[in-house]
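Residue-level structure breakdown
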Amino acid sequence: MNIVNKFTFVCLCLLSVMCAWAQTEDALSVTKDTVPAKKTKVYLEHSNTLSFDKKVRPDAQILIGEVCFRHDSSYMYCDSAYFFEKTNSLEAFSNVRMEQGDTLFVYGDYLFYDGNTQIAYLRQNVRMENGQVTLFTDSLNYERIPNIGYYFDGGMIVDSLNQLSSFYGQYSPETKLAIFNDS
């Protein structure tokens, strides 16, 4: 073999090794990124009464009085609720309270919670308390997985030193960082 052929052969070998390595890396990253989050069930822990009404809500359990749900380490309380066991979701009404651990408490008049996406949609008189920080708004979407709350119809975050109001905002209870936008 002459020198040009040897050089070409070595280059082709290196190129094929690099292509194979790149494909292996791509395959590994696809595998890591496409693994779905583990879906767990929402459980009804307590209710004073449980009933079904096929005319009102044929797919729901109707719960009244001291209602409590659990999803993983979070608890949700209310006066009454519809529980959709097939879709792993619930609607909660009046005196709604979510507790995540012993540091995060969210209150409101209405809650829709999707156990598959782990997103809570709270409406009317919403208050999120996290230690010394309190967020007030009428519309809050709280995503449990990244641990971030979003408000989009006006809100105010208050701590011992500040009182910040804006039309749109994000708040991370874990980092206690807030992002605001007023237009």
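Before going into details, it helps to say that this report is about the structure given with it.

Right, let's get into the pattern of salt bridges. For side chains of opposite charge, pairing can occur when their charged atoms come near one another. Counted under the stated rule, the structure contains four salt bridges. Note that Arg97 is salt-bridged to Glu99, the shortest N-O span being 2.7 Å. Taking the relative accessible area as the measure of exposure, Arg97 reaches 27% and is therefore partly exposed. For Arg127, the salt bridge is made with Glu129, and the minimal N-O distance between the two is 2.6 Å.

The side-chain alternation of strand 10 (residues 155-158) yields one buried face, formed by Gly155 and Ile157, and one unburied face, formed by Met156 and Val158. In the sheet, strand 8 (residues 133-143) pairs with strand 10 via four bridges, with the strands oriented antiparallel. Following the sheet pairing, Thr134 is matched in strand 10 by Val158. Alignment of strand 10 against strand 11 (residues 163-166), held across four bridges, turns out to be antiparallel. Across the sheet, residue Val158 finds its bridge partner in strand 11, namely Gln163. Between strand 10 and strand 11, which pair antiparallel in sequence order, lie four residues.

Quick notes on the rules
Residues numbered from 1 in each chain as written. Predicted model: local features only at pLDDT ≥ 70, side-chain atom pairs only at ≥ 80, totals over all residues. Heavy atoms only, no water. Salt bridge = Lys/Arg side-chain N within 4 Å of Asp/Glu carboxyl O. Buried < 20%, exposed > 50% of the residue type's maximum accessible area, 1.4 Å probe, protein only. Helix = DSSP H or I, 4+ residues; strand = E, 2+ residues; numbered from the N terminus. Pairing = 2+ DSSP bridges.

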